[in-house]
Amino acid sequence: MVTKRDTQSPAPHVADSHDMIRVHGARVNNLKDVSIEIPKRRLTVFTGVSGSGKSSLVFNTIAAESQRLINETYSAFLQGFMPTLARPEVDVLDGLTTVITVDQQRMGVDPRSTVGTATDANAMLRILFSRLGKPYIGPPSAYSFNTASVRASGGITVDRGEAKTKTVKATFNRTGGMCTRCEGRGAVSDIDLTQLYDDSKSLAEGAFTIPGWKSDSQWTVQVYAQSGFVDPDKPIREYTKKELRDFLYGEPVKVKVNGVNLTYEGLIPKIQKSFLSKDKEALQPHIRAFVERAVTFTTCPECDGTRLSEGARSSKIKRISIADACAMEIRDLAKWIRGLDEPSVAPLLTALQQTLDSFVEIGLGYLSLDRPSGTLSGGEAQRVKMIRHLGSSLTDVTYIFDEPTIGLHPHDIQRMNDLLLRLRDKGNTVLVVEHKPETIAIADHVVDLGPGAGTGGGTVCFEGTVEGLRTGGTVTGRHFDDRATLKESVRKPTGTLEIRGASTHNLQGVDVDIPLGVLAVVTGVAGSGKSSLVHGSIPAGEGVVSVDQGAIRGSRRSNPATYTGLLEPIRKAFAKANGVKPALFSANSEGACPTCNGAGVIYTDLGMMAGVATPCEDCEGKRFDASVLEYHFGGRDISEVLAMSVTEAEEFFGAGEARTPAAHAILRRLADVGLGYLSLGQPLTTLSGGERQRLKLATHMGEKGGVYVLDEPTAGLHLADVEQLLGLLDRLVDSGKSVIVVEHHQAVMAHADWIIDLGPGAGHDGGKIVFEGAPADLVAARSTLTGEHLAAYVGG
C-alpha cells in the first residue's frame, strides 16, 4: 500500500536555534549597556571612530569571556598556572564559541626571536637537516642557534630503596648550533669606555657618566668604591693593570658595603646585563641614547651574522646549509623545498611546504626566516599570526581580527579580503574591527559604534547591511564614500635631502632626492623597501623627529599626563600656588594614598580564580592622600584636574588664574591629533591602538626638529579623522617643517606635494624607485600599482 509522503518540511532542530552571539548590557570601559545580536558563520565588521568602544566590545567582552569559559573547563590545578581572567561587566553573553584572536601586538622583540622560530618553520627545517644533512652533525638541536653545546661528567648519587646509596659515574653531552662568539645573536657589541667614565676623575669624584649612576647615593657605585679592588680616591687612568682588569672584567664576588652583603662584578659584564640584554626599544629615551652612544654593534665575524656554529653551517642538503635556507626569501625557499624528493621525510616536507606556501599566499613571501621578529610591522606581525589558522580543519570557530589591513597597500587589501571570506566560508564566525571602506564593503553584517569617542561613544549607532550603513546617517555612513581630491597646486620645495646608494635590506643602490619644506609621501606595496629607505637612510640626528609604529609601553599607573610630560608643569603649578613640594601631587610618589599606594583600587589575589579589584575606600579611587586634596589651584584639586578631558583642561590652563603656558602647549598638541576627548588620568592600558599612536605623535611634536618622519600615521584612524590628520600635516608644513610620510592611504597620497613610489614588487622584486613626482603626474601615468589604485580612488 502506497502512503502519501509528508511534503511539509520538518520542524527546525532545536540545536539550529543557536545561530546568534547575544550580548546584553555590556559595560566594559566606555560601553553604555550595549545589547546586540551578532550572526554566526558570517563576516561581521565593527566600525566607529577611534575610541568609540569597538575593541572594548569585541576583545574585552566577547573574546575575554570565551577565553575565561574555556579556562574554567580545566582542573583547578591547571588553572593555578594560567592567567586569571575576571568576568567582563556584562549581563548576558550567550551563544559564544571558541575564540581565536589575531591582534596587532608586535611579536616578541627578544633578539633571539625570528620569523622562523615564531612560526615553527625553523623547527621543521632543523629536523629536515638532522635527517638529510651531510655530513651528519647531530640531532635537531645541533642546528639551533638558541641551543649551546654542553658537556658534563661526574658522579651522581642514586638511592636504591632501603639499600645503600650508590655513586655512579655519568656523562652528559648535548650538541647545539649556537655560535660561541656571539652566543646566537648574530652581532657582537663593542663598548666605548670613554662613554662609561671620565678617566681623569676618581670614583669618589663622580667618574661614572652612566645615566643614573650618582657617586654619592647609588648602591651600584658604592659597590665599586668600597669593594677593596680599587682605590676610590685614585683617578681611573692611574690604575695598575690588575686594578683596571678587576674594575672592568672582575668575576662576580660577594662584598660587604655599609654592612650589607652585595655582589661585585666588573663594569663591562655589569653594563651588558643591565643595558645590552634588554630590548633597546623598551628602554627609556635617555638610557637608549646612552646605549646608542656607548655601544656599537657589528656583524659577528665568526658566523657572519648567521648565529650558527661552524658545524651547523657545514652540514648541507644539495649544497644549501640551514643558514642559506633561512636567508632565502620564503617564496624561493618554498620552491627549493618543493624540489626535494625524499620519501623518508615526506610528511615533514608536506607540512613545511604548507607553512611556506601560506606565507606566500598571505603576501609575506618577501620575508626570510632569519628576519628578527621584532622588526616586523604591526600588519606583518598580524599576518604572520594568521598563518597557523589558514590550513586549520577547525570549523565553527570565532576568529577576531584587529584591523587586518594595516600596513597593506590597496593592491594587497583584496587578497586579505579573500582570506577573511575563505575563513567564513569554512563555517566560521569572523569578527573584524576595521576602518578601511574596502573591507567594510565585503561584510555580511555591520555594527557601527559611537557616535563619538571616549565618554562620547560606547553606544550602537547602526546594525545592519553595508547598504544600510551608507544611508544610515552615522559618522561612518556619512564618510563612507569620502574621496580626497588631488591638490590644484603643490608647494615648492625649499631644499632637498640627498640619499645616495641606499642598500639597507632589499634596496638596490637607491639614489633619491627627498624634497624639504613640503609634504612628501613614500608609497609602495608591503615589503617594497619604504621603511628601509626612510628609517635606514635618513640620519636620525639633529633636526629629524621620527615617529614609528613601535608600541607605547606603560603600566596601569601610566596615563596621558605622565606619558606626555604634562604632569610635570601641573605639579609645579600646584606646588608653587600652595608653597609645598611638587612630589605631593604625584600618585606614584609622596602624594599617593597610603592604603592603595596610589593605584586607586585594592587588588585581591584569589589564587586560581580571577583577582578582584575594588575601589579604595579611603581615597574613593582618587589615588591621592586626603591631605593632598586640600590643596587647590584655580579652584580645583589635583584629582579633579586629572579627571578632566584634554579639551576641558586646555580651556582651564589656557586663561584665568590657572593659566599655565607649558601645560597648555602640550594639551593643544593632544587636541591637534584628535585626542580632545581623553581624560588626563585615563590608564594607558585602556587606550586603543590608534589612540596610542596619536599620543606618541603629539609627544614628538614637542621636539625641536625641522624634518618629521611619520610611519603610517593613519593606522587606526576612522575615515572622519583622516581629514583632521591631513589638516595637522598641512599645519606642520606651513609652520616651516618638512614632513616625510610612509603611507598606504590614498587620501594622504592625493594630498601630498610629492610622491616617491617604490617597487615594482616586494622583497628582491622591489627596492627600486618606480616613480617620483607630483600625485597628478602619477595618476596621469598610471605606470605603477600605486598609480592605478590612486587613479581609481580620485576618479570616484
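The model shown is predicted, which means the values in this text are computed figures rather than measured ones.

Rules behind the numbers
- Residues numbered from 1 in each chain as written.
- Predicted model: local features only at pLDDT ≥ 70, side-chain atom pairs only at ≥ 80, totals over all residues.
- Heavy atoms only, no water.
- Helix = DSSP H or I, 4+ residues; strand = E, 2+ residues; numbered from the N terminus.
- Buried < 20%, exposed > 50% of the residue type's maximum accessible area, 1.4 Å probe, protein only.
- Contact = heavy atoms within 4.5 Å.
- Areas by Shrake-Rupley, 256 points an atom, 1.4 Å probe, with all protein chains shown as cover.
- Lys, Arg positive; Asp, Glu negative; His and termini not counted.
- Charge placed at Lys NZ, Arg CZ, Asp CG, Glu CD.
- Core = buried A, V, L, I, M, F, W, Y, C linked by side-chain atoms within 4.5 Å.
- Pairing = 2+ DSSP bridges.
- Axes fitted to C-alpha atoms, helices over the stretch in contact; angles between N-to-C directions.
- Salt bridge = Lys/Arg side-chain N within 4 Å of Asp/Glu carboxyl O.
- Patch = residues over 30% accessible without salt bridge, like charges linked within 9 Å, V, L, I, M, F, W, Y side chains within 5 Å.
- Parallel < 35°, antiparallel > 145°, perpendicular 65-115°, else oblique.
- Left-handed = near helix turned anticlockwise from the far one by under 90°.
- Nonpolar A, V, L, I, M, F, W, Y, C, P; charged D, E, K, R; others polar.

Student: If you had to explain the overall build of the protein to someone new, which residues and values would you point to?
Tutor: Scanning the protein for helices and strands turns up 28 helices and 27 strands. When the backbone C-alpha atoms are referred to their principal axes, the protein occupies close to 100 × 85 × 70 Å. By residue count, 48% of the 796 residues in the protein fall in the buried class. Here the analysis covers contacts within the protein between residues at least 6 apart in sequence; of these, 66% occur between residues at least 24 apart. Surface summary for the protein: the accessible area is close to 37400 Å², and the carbon and sulfur share equals 50%. Placing the 85 positive and 94 negative side-chain charges of the protein at their respective mean positions leaves the two points 6 Å apart.

Student: How would you summarise the nonpolar core if you had to cite specific residues and measurements?
Tutor: Membership of the largest hydrophobic core comes to 69 residues, with the highest contact counts inside it found for L125, L128, L333, W336, I337 and F401. Setting aside its immediate chain neighbours within four residues, L128 contacts G133, I317, I337, L340, V345, L348, L349 and L352. Judged by nonpolar contacts, the second largest core, of 67 residues, contains V646, F652, F653 and L695.

Student: Now, about the sheet that holds strand β27 (residues 768-773): what can you tell me, with residues and values included?
Tutor: Judged by pairing direction, the sheet is mixed, and its six strands sit side by side in the order β21-β24-β25-β20-β26-β27 without closing on themselves. Both outer strands of the open sheet, β21 (544-547) and β27, are each paired with one neighbouring strand and no more. Adjacent strand axes in the sheet meet at a mean angle of 15°, parallel and antiparallel pairs treated alike. Relative to strand β26 (residues 754-759), strand β20 (residues 519-523) runs parallel, the two being bridged by four bridges. Following the sheet pairing, A520 is matched in β26 by W754. In the packing of helix α18 (residues 530-537) onto the sheet, contacts are made with β20, β21, β24 (707-711), β25 (738-742) and β26, and the angle to β24 comes to roughly 145°.

Student: Got a sec to walk through the pattern of salt bridges? Specific residues and values, please.
Tutor: Scanning all chains against the criterion turns up 31 salt bridges. A salt bridge links E498 to R500, with the shortest nitrogen-to-oxygen separation between them at 3.9 Å. According to the relative accessible area criterion, R500 is partly exposed, its value standing at 48%. Here the salt bridges share partners, and the residues they tie into one network are K487, R491, D730, D734 and D753.

Student: Lay out a nonpolar patch on the surface with the relevant residues and their values.
Tutor: Together, Y74, F77, L78 and F81 make up a nonpolar patch on the protein surface, roughly 480 Å² of accessible area in all. Judged by its relative accessible area of 38%, Y74 falls in the partly exposed class.

Student: Outline the packing of helix α11 (residues 330-338) against helix α12 (residues 346-361), supporting the account with residue identities and numerical values.
Tutor: Closest axis-to-axis distance for the α11/α12 pair is 9 Å, and the angle between their directions is 155°. Classed by the angle they form, the pair α11 and α12 counts as roughly antiparallel. Judged by the sense of rotation from one axis to the other, the crossing of α11 with α12 is left-handed. Across the interface between the two elements, I330, R331, L333, A334, I337 and R338 from α11 touch L349, L352, Q353, L356, D357, F359 and V360 from α12. Of the residues that constitute the contact of α11 with α12, the class distribution is nine nonpolar, one polar and three charged.

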